[in-house]
Protein chains: 2
Amino acid sequence: MIECYINTSLEICEDRDTKGLYKKARAGSIKGFTGIDSPYQPPLNPECIVESGTDSIATCVAKVVKVLEGKNIIPAVISVPVIELFVKPDEKAAKIAEAAGLPKLEMSKLSMQWFQILSEGWATPLKGFMREDEFLQSLHFNCVFDHGTHNQSIPITLDLTTEQKDKLSGSKAICLTYLGKDYAIMRNPEFYIHRKEERCARTWGVYTKNHPHIQMIYEQGDWLAGGELEVLHRVEWGDGLDKYRKTPLELRAKFEEMGADAVFVFQLRNPVHNGHALLMTDTAKKLKERGYKKPVLLLHPLGGWTKADDVPLEWRMKQHDAVLDEKVLDPEATVVAIWPSPMSYAGPTEVQWHAKARLVTGAQFYIVGRDPAGMGHPDKKEDLYDHSHGRRVLSMAPGMNQFEIIPFKVAAYNKTKGAMDFYDPANHDNFEFISGTRMRKTAREGGALPEGFMAPKAWKVLQAYYASLQ
Amino acid sequence: MIECYINTSLEICEDRDTKGLYKKARAGSIKGFTGIDSPYQPPLNPECIVESGTDSIATCVAKVVKVLEGKNIIPAVISVPVIELFVKPDEKAAKIAEAAGLPKLEMSKLSMQWFQILSEGWATPLKGFMREDEFLQSLHFNCVFDHGTHNQSIPITLDLTTEQKDKLSGSKAICLTYLGKDYAIMRNPEFYIHRKEERCARTWGVYTKNHPHIQMIYEQGDWLAGGELEVLHRVEWGDGLDKYRKTPLELRAKFEEMGADAVFVFQLRNPVHNGHALLMTDTAKKLKERGYKKPVLLLHPLGGWTKADDVPLEWRMKQHDAVLDEKVLDPEATVVAIWPSPMSYAGPTEVQWHAKARLVTGAQFYIVGRDPAGMGHPDKKEDLYDHSHGRRVLSMAPGMNQFEIIPFKVAAYNKTKGAMDFYDPANHDNFEFISGTRMRKTAREGGALPEGFMAPKAWKVLQAYYASLQ
């Protein structure tokens, strides 16, 4: 038996009582009515507390479902379909031959990263670069509507110049290339104006050309091309890291092979310190307490474009490997893979994309940080986004019901324990906050941070990276 | 019998055929299968064409439902509830007494216009000025989520200064006043930072302080107060026009009294010319052809704040009266009422608000113009929004299913007919486009426009207005 405590007031119950049961109970024609002539006995240790007075019905239902899933009473495995855009093997030769004869459009490196995202199905149900209707849906509703509501907060677009557009206009199909190689056929391409000012204002909630991703948008062509893709080849970057670039279907297979009955995702674009590790091991522990036998962590660093002062992917991967080598994270219950998306630094808008794209891996839990996908305001001495908005917007975002969002607990260095620990404001003086700025400065100077902040081998990788810059 | 033509390709049908029926038909194990061994006979005069190859399921369903409603096979009457925020008559005296003792917050004129909107139920299900969660939902999703998805593209907020916030913090309830008069109790007020840059960028898709509404936002206080309202008094402006300011419930009663079986809305903030009138009479005619006996027009000019160079409300109302006087519109099938919302000039974002707010009147049809709620870009020589985006965004917007959106057909002066007429590109030379700029210039100079452009009495009102400016 599960005890569920519905936290609401008598007033609200009466308010919603369309059948007039409370009226009847008050009049005495229903006897033993809870709250009227029978006292309400709240459960002492409810397993589920539903705030029906303040939360929406959807949230209340989600809470109950989550508890039932957590106890394995109903299966928590999610079946979001993955729509890969690769051509069928038996059609490949013919499509390659067709593509060779089509007018060509060369993609930039950034477009190619988005192309990989689309082709492997991370942006399901998108079947290609956005047409204008999808672009408008994304900008206005952070969703696309295709047999339902699918979260898609970041537009995925292909830019081209006016000259290119004029040349390709009227083509029934075009061939997308990268470094001269044919990669896909785009059928019935739709060309529409790249409204950069409106796009940047709506996606980033700011208007400046000094933001590093906005700067790239402004350097793009003045037109966008949308249309369904038939992808001829899987994207490989040949940088020695392709083995980490697993598609959603490959990840699903991996989780099944490992016998995972719960998968939780940790998205990051920074080195892993022991505060992150604490949160991940704590999540695994909590899931086990909820009855899962084999919770698996998907440690899923972002692999696409990042701004110049972030640690580059190859160094981050070395650092993550060192963390696993030292068993700070359990190698038997962790999958490290690269997620090929570029970074947008768009805060509450982008965190939705970070979560949504992981739905297709079959994961059920997503850890959300403080100020996710945030950065400093390019023009002011303050952060670009409110630190709480990302978590709040994500928890309210449509098309994300399958995920249980796990809020990031702040960890700091506990001087009395000599280890990273969840911050406890009651013992503030025991804690030392080690900022990213201090970490970078110390690593650059070859210095040391308190033992227990980061696995020693992983810290050496970081030092080596900063030394390589000099 | 209704003939419905599902316009899709065999390819798409096969693609969606999860049961493999087509495969079986091809193999010959199902005989007489349409499209395989039996020819498809498209209906010659289908009453409904469903583009299932391109439209979403929701759109397809909506099309079928609209046809059934249009033929009165299923009832088209909509029952969006109206949530008025007025206190119950028997509680009014006690609440007035309570309000008198509460800390006060004086509303600006703009806030007071939004207060009227909230109190009369136009923004149902909002129960007061937005709390931060609702504000975030509106900015990111153009919706609020409260037992379902409700369109709310424009945030409805109450601003206050840091000084006022510091004074009111900790109050369990505050009293909202206007010109010193107590108007409402706000319970459990929530104070949150007024992130003006982010708000303006997300709502207007532009970042400039030269836009007339954005300018007002920047002049507002740096905090927002959200919370449920108990409204003590109905808002009246005492300008002789209050009789036109009908609440949603009053409008519903009026439509019922008139025996309306269909209501279509025309929102405007400008004088009515015969091109508008043509569209309205044409809509009524079409609705009659679809089987409605008594379609009623809600001519619903916006009554709140407008920018300085728009024609003021009092002159627009005189002009609309003259149009009805001259029977350009049928007085027996028209309700003229003022909608108390301020204007935001936010294009595709705002047109959703214009439509959504009319849902509570029980109307089923909404006429959308070209470039609705648009204006010139404050900093560039171009229009702020793409002219087609408003209509397209509105037709895709969540929480608007009850409305059939009627796109504005362009009307121009047909020189051969001597009247306004729907523009026909094949006979371009017969048409003369009379721009707003030319209309204003001519009216200002006391000149004449081609006969048939506007009802003569209505034109005289406009001339008188412009004369009054000099």
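Residues numbered from 1 in each chain as written. Chains lettered and ligands numbered in written order. Predicted model: local features only at pLDDT ≥ 70, side-chain atom pairs only at ≥ 80, totals over all residues.

1. Details of the relation of the copies chain A and chain B
At an RMSD of 0.3 Å, chain A and chain B line up after a rotation of 180° and a shift of 0.2 Å along the axis. Taken together, the rotation and translation describe the operation of a two-fold axis. (Least-squares fit on C-alpha atoms with pLDDT ≥ 70 in both.)

2. Some points on the interface of chain A and chain B
With 27 residues of chain A at the contact, the number on the chain B side is 28 residues. Listing elements by their share of the side of chain A that touches chain B, those giving two or more residues are helix 6 (132-141), helix 8 (196-204), helix 13 (347-359) and helix 14 (389-396) of chain A. No other element matches helix 6 of chain A, which puts five residues into the side of chain A that touches chain B. Grouping the constituent residues of the side of chain A that touches chain B by class yields eleven nonpolar, eight polar and eight charged. (Contact = placed C-beta atoms within 7 Å. Helix = DSSP H or I, 4+ residues; strand = E, 2+ residues; numbered from the N terminus. Nonpolar A, V, L, I, M, F, W, Y, C, P; charged D, E, K, R; others polar.)

3. Topic: the pairing of strand 16 (residues 404-407) of chain B
Residue and element names in this part refer to chain B. Pairing between strand 15 (residues 365-368) and strand 16: four bridges, direction parallel. Looking across to strand 16, one finds that Val368 is bridged to Pro407. Handedness of the strand 15-helix 14 (residues 389-396)-strand 16 crossover: right-handed. (Pairing = 2+ DSSP bridges. Right-handed = clockwise from strand over helix to strand, strands pointing away.)

4. Brief notes about the packing of helix 8 (residues 196-204) of chain B against helix 9 (residues 212-219) of chain B
Packed helices, taken two at a time, are described by the angle between their axes plus the distance between the axes. All names here are of chain B. Close contact between helix 8 and helix 9 brings their axes to 10 Å; oriented N to C, the two are set at 160°. By the angle class used here, helix 8 and helix 9 are roughly antiparallel. Between helix 8 and helix 9 lies a crossing of right-handed hand. Here Lys196, Arg199, Cys200 and Trp204 of helix 8 lie close against helix 9, whose contacting residues are Ile214, Ile217 and Tyr218. Residue composition of the contact of helix 8 with helix 9, grouped by class: five nonpolar, no polar and two charged. (Axes fitted to C-alpha atoms, helices over the stretch in contact; angles between N-to-C directions. Parallel < 35°, antiparallel > 145°, perpendicular 65-115°, else oblique. Left-handed = near helix turned anticlockwise from the far one by under 90°.)

5. Comments concerning the sheet that holds strand 16 of chain B
Residue and element names in this part refer to chain B. As summarised here, the arrangement of the five strands in space is 14-13-12-15-16, forming an open sheet in which the pairing is parallel. Where the open sheet ends on each side, the last strands, each with one partner, are strand 14 (334-336) and strand 16. Looking at each pair of strands side by side, their axes are set apart by 25° on average, direction ignored.

6. Describing helix 8 of chain B
Summarising burial for helix 8 of chain B: seven of the nine residues are buried, a large majority. Residues of helix 8 of chain B that are buried include every one of Glu197, Glu198, Cys200, Ala201, Arg202, Thr203 and Trp204 of chain B, and no others. In this structure, the buried residues of helix 8 of chain B make contact with helix 8 of chain A together with helix 6 (132-141), helix 9 and helix 13 (347-359) of chain B. Following helix 8 of chain B by one or two positions, Gly205 of chain B has its phi on the positive side, about 65°. (Buried ≥ 20, exposed ≤ 12 C-beta atoms within 10 Å, placed from the backbone.)

7. Describing unusual backbone geometry
Omega for the bond connecting Thr124 of chain A with Pro125 of chain A falls within 30 degrees of zero, at 10°, which places this linkage in the cis form. Positive phi, close to 55°, is recorded for Tyr345 of chain A, a residue that is not glycine. Inspection of the secondary structure puts Tyr345 of chain A in the loop between strand 14 (334-336) and helix 13. The phi torsion at Leu179 of chain B lies on the positive side, around 50°, for a residue other than glycine. Tracing the chain through its elements places Leu179 of chain B in the loop between strand 8 (173-178) and strand 9 (181-187).

8. With respect to the pairing of strand 8 of chain B
Residue and element names in this part refer to chain B. Two strands pair when backbone bridges link them, and strand 3 (residues 104-106) and strand 8 are joined in this way by three bridges, in the parallel orientation. Within strand 8, the residue paired with Glu106 across the bridge is Thr177. Counted between consecutive antiparallel strands, the loop separating strand 8 from strand 9 contains two residues, among which Leu179 sits at a positive phi close to 50°.

9. Quick notes on the confidence of the model for chain A
For chain A, the mean per-residue pLDDT works out to 90, and 89% of the residues sit at or above 70. If you check the scores for this complex, the pTM reads 0.85 and the ipTM reads 0.84. (pLDDT = per-residue confidence, 0-100.)

10. Here we look at the sheet that holds strand 17 (residues 411-414) of chain B
All names here are of chain B. The three strands lie next to each other as 18-17-19, forming an open sheet whose pairing is antiparallel. Looking at strand neighbours, the two that pair on one side only are strand 18 (419-422) and strand 19 (431-432), the edges of this open sheet. The pairing of strand 17 with strand 19 spans two bridges and is classified as antiparallel. Counterpart to Tyr413 in the pairing with strand 19 is Glu432. In this fold helix 11 (residues 274-289) packs onto strand 17 and strand 18, with an angle of close to 50° to the strand it touches most, strand 18.

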